[in-house]
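Architecture at a glance
Chain by chain, the residues:
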Amino acid sequence: MYAAPIPEPNPESELSLAEIEATISQVASKLDARFVSAGEALAQAYAIVERLVSALEGVTNALGRDAAEAAVDNMRATADRLERLPAVQAARQAGLESIAAGARPLAHHINQVKRTLDFLRICGLNIKVAAAGRNGFADFADTMNVRLDVGEIEIGGIGSEIERLTASIPALIEVDRQLAAECVKVIPQVPRKLAEDAEALQRHQAADAARAKRIATVGREIHTRVATAIGAMQIGDITRQRLEHVASGIQALIAWRDRADPATAIEVVGHMVALFAAQASDTIDAFHKESQRLAESLRGIAPSAAQLLEIKAEGDRQQSGDDSVFLGALEKSVADVAQVTARLRDADAKAQALGGSTSDSAERLAERLRVVHRVNEDVHLMAWNTDLRCHRLGDEGKALAMVASEIRGFATALATISAEIRQSVERLVSAVTALRDPDAEQGGDAAEALTESLACIRDGAQRMREGMAGLSEDAAAVTRILETTTSNVDCEAAFGDALRGVALRLKLFGTPCNAPEGAVGAALAELLDGMARSYTMAREREIHTRFALPGTSASPQASMDDDEDDDGLF
């Protein structure tokens, strides 16, 4: 801001209080304008740096231990799983072949059960014929046939369950065969490339995060120093107020002098001018010292602003290319993995479906086997009861006893076959359950997960670009603001000579009264009391004490608000 030259009073000329008051008032006004403008500019710089720090902290969070790190972990986990895929596929192929082989004996066992049930029906018919309707043997045969009907239904259900369980196995074997061929083409190079990309991504993100953190650290330092400078700007307001107090004191003195007795006025004016000289000199010294310190502090911020650009340029050189190139390479890796995982997903889905239906099938098979077991026990018990009745019939029951003995033999055979069926079903269910890949259940669709990871990576890169986008402009703006503000607060050239001239003239013409009496004492008491009431600074009251009249209060009582202001200003 341009300041019009302020005339320098001639210290050797006659004291002109009006001229001195005009000079002081003019300096105070222009000083206030400069510092208000400087404070507004610093507030703008503060807001710029605050926005920059906030944006970069967002970048640091985006590239830290959160979703981006999870994306890297997911890429590595996918790569590891694909590396293990041939072994998993081979184990599953062996399991499927084992299931297919284990299902074949079941068909033979079921046929054996059906034949045994048919023989038992024949035995029941033979009992009817041999008993010729005597002693309830016909009822026994009918009851046994009912139980055999139940067993036949259940064993037929077991056969259907086994067929459903194994029907999808040939197709799944074919899918795995195709997957094995696919594995030969892409493994291990594709998963290894993905793992390498994950490591590169982690390094890339770590470098970006570290760079953003360094810039944010410097930004916070600038932020703090600008905030401190804004606080130190109050020296302008302090100086303005103190100069205004001196100016208002001079005005009051001029008004009193114009109506006072000339003889009295000489001593009163000398004493008051000495007070004004002390207040002005102290104000000027404090202002000169604090404004110089403030200007040096502002100049010290500029290198930090330049450091922001140096860190950004360093990062740009290290990247040696746009993020889009890096992301393009990642997208290619993800696309390659997607081709592999399409067939893997199909095989997994079918294996999971087969395994998922196994638990229901196993429960149904177990229930049917329990029914068959109860039928077998019932038939066995009925055969023993028949045998006992035959013994009571003597020779007439020999034929029936022979049939009952055959029934017991077939029931024993049925129990043996049922046990073999149970063991085969348990092995089959275990083999199918073993097909289920726990990694597939935990990881879900690898291609989809990688796509989500890629989206997260893109988001982090975008946030990094946005955080860095205005860095150059922001740093340049802060630098310009600091240069302008430094010039505004460094007021030596504009006001130094004028203020020193005023202080010198006041000192030359100031003569303190040692023991004023009478009219001089009364006039000084009135003027000094009015002056004391205008003070808002503790330092002003300290200086005033040196010029207070003997026997009066060293410093008049200040208001509570004034005391609070003193603490903040000095």
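Residues numbered from 1 in each chain as written. Predicted model: local features only at pLDDT ≥ 70, side-chain atom pairs only at ≥ 80, totals over all residues. Heavy atoms only, no water.

A few words on the overall build of the protein. Across its full length, the protein carries 16 helices and zero strands. Going through the 570 residues of the protein one by one, you find that 45% of them count as buried. Considering only contacts in the protein between residues 6 or more positions apart, those separated by 24 or more positions represent 91%. Carbon and sulfur atoms provide 54% of the accessible area of the protein, an area that totals close to 27400 Å². (Helix = DSSP H or I, 4+ residues; strand = E, 2+ residues; numbered from the N terminus. Buried < 20%, exposed > 50% of the residue type's maximum accessible area, 1.4 Å probe, protein only. Contact = heavy atoms within 4.5 Å. Areas by Shrake-Rupley, 256 points an atom, 1.4 Å probe, with all protein chains shown as cover.)

So, about the pattern of salt bridges. Per the stated rule, a full pass over the model turns up 15 salt bridges. Across the salt bridge formed by Arg 500 and Asp 497, the nearest N and O atoms sit 2.8 Å from each other. Here the residue Arg 500 and the residue Asp 497 both occupy positions in helix 13 (residues 492-509), the gap between them amounting to three residues, near one helical turn. With a relative accessible area of 39%, Arg 500 lands in the partly exposed category. Residue Asp 497 is classed as partly exposed on the basis of its relative accessible area of 41%. Between Glu 542 and Arg 539 there is a salt bridge, with the nearest N and O atoms lying 2.9 Å from each other. Highlighted residues: Glu 542 and Arg 539, both in helix 15 (residues 538-545), separated by three residues, approximately one helical turn. If you follow the salt bridges from partner to partner, you end up with Asp 32, Asp 237, Arg 240 and Glu 244 in one network. (Salt bridge = Lys/Arg side-chain N within 4 Å of Asp/Glu carboxyl O.)

With that settled, consider the packing of helix 6 (residues 234-257) against helix 14 (residues 518-534). Between helix 6 and helix 14, the shortest axis-to-axis distance is 10 Å and the interhelical angle comes to 155°. Here helix 14 runs roughly antiparallel to helix 6, going by the angle between their axes. For the pair helix 6 and helix 14, the sense of crossing is right-handed. Contacts between helix 6 and helix 14 pair His 245, Val 246, Gly 249, Ala 252, Leu 253 and Trp 256 from the former with Ala 523, Leu 527, Met 531 and Ser 534 from the latter. For the contact of helix 6 with helix 14, the per-class residue count stands at seven nonpolar, three polar and no charged. (Axes fitted to C-alpha atoms, helices over the stretch in contact; angles between N-to-C directions. Parallel < 35°, antiparallel > 145°, perpendicular 65-115°, else oblique. Left-handed = near helix turned anticlockwise from the far one by under 90°. Nonpolar A, V, L, I, M, F, W, Y, C, P; charged D, E, K, R; others polar.)

Judged by nonpolar contacts, the single largest core of 74 residues is most densely connected at Phe 35, Leu 253, Val 268 and Met 272. Secondary structure elements with two or more residues in this core: helix 1 (17-62), helix 5 (189-232), helix 6, helix 7 (262-319), helix 12 (471-489), helix 13 and helix 14. A total of 20 residues in this core trace back to one element, the largest contributor, which is helix 7. If sequence neighbours within four positions are ignored, Leu 253 has contacts with Leu 17, Val 268, Val 269, Met 272, Val 273, Phe 276 and Leu 527. Core analysis: the next-biggest nonpolar cluster, separate from the first, contains 40 residues, Ile 169, Met 382, Val 403 and Ala 431 among them. (Core = buried A, V, L, I, M, F, W, Y, C linked by side-chain atoms within 4.5 Å.)

What follows is about the environment of Pro 191. By the secondary structure assignment, Pro 191 is in helix 5. Overall, Pro 191 belongs to the buried group, its relative accessible area being 1%. Sequence separation of Pro 191 and Asp 336 is 145 residues, and the distance between their C-alpha atoms is 9.1 Å.

Right, let's get into helix 15. Residues of helix 15 that are buried: Glu 540, Arg 541, Ile 543 and His 544. Taken end-on, helix 15 shows its buried residues confined to a sector of 160°, consistent with a single buried face. (Arc of directions from axis to C-beta.)

This next bit is on the side chain of Thr 536. Relative to the assigned elements, Thr 536 resides in the loop between helix 14 and helix 15. There is a polar contact of 3.0 Å between the side chain of Thr 536 and the side chain of Gln 241. (Polar contact = N/O pair within 3.5 Å; in protein donor to acceptor, adjacent residues only side chain to side chain.)

The next thing to look at is helix 12. Note: α-helices contain 3.6 residues per turn, so residues at a spacing of three or four share the same orientation. Given a rise of 1.5 Å per residue, 19 residues ought to cover 27 Å, and the 27 Å separating the end C-alpha atoms of helix 12 matches this to within 8%. When we look at burial in helix 12, the residues that qualify are Leu 471, Asp 474, Ala 475, Ala 477, Val 478, Ile 481, Leu 482, Thr 485, Thr 486, Asn 488 and Val 489. Down the axis of helix 12, the buried side of the element spans an arc of 165°, and every buried residue falls inside it. For helix 12, the exposed residues lying more than 90 degrees away from the buried face are Arg 480 and Glu 483. (Expected span 1.5 Å × (residues − 1).)

On to the confidence of the model for the protein, then. Summary statistics for the protein give a mean pLDDT of 75 and a share of 73% for residues scoring 70 or more. Across the protein, the element-wise mean pLDDT spans from 38 in helix 16 (residues 560-569) up to 93 in helix 15. Between residues 554-570, whose pLDDT stays under 50, and residues either more than four places distant or in other chains, the model counts 26 contacts. (pLDDT = per-residue confidence, 0-100.)

Taken together, the side chains of Leu 504, Leu 508 and Phe 509 make up a nonpolar region of the molecular surface, amounting to roughly 260 Å² of accessible area. Among the structural elements, Leu 504 can be located in helix 13. By relative accessible area, Leu 504 is classed as partly exposed at 41%. (Patch = residues over 30% accessible without salt bridge, like charges linked within 9 Å, V, L, I, M, F, W, Y side chains within 5 Å.)

We now examine the environment of Ala 476. Positionally, Ala 476 belongs in helix 12. You can call Ala 476 partly exposed: its relative accessible area is 29%. Sequence separation of Ala 476 and Leu 309 is 167 residues, and the distance between their C-alpha atoms is 9.0 Å.

Relative to the elements of secondary structure, Thr 283 occurs in helix 7. Polar contacts involving the side chain of Thr 283 include one to the main-chain carbonyl oxygen of Gln 279, which spans 2.7 Å.

A few words now on the environment of Asn 126. Of note, Asn 126 is situated in helix 2 (residues 67-131). Accessibility expressed as a relative area gives 33% for Asn 126, which makes it partly exposed. When the C-alpha positions of Asn 126 and Ala 399 are compared, they lie 9.4 Å apart, and in sequence the two are 273 residues distant.

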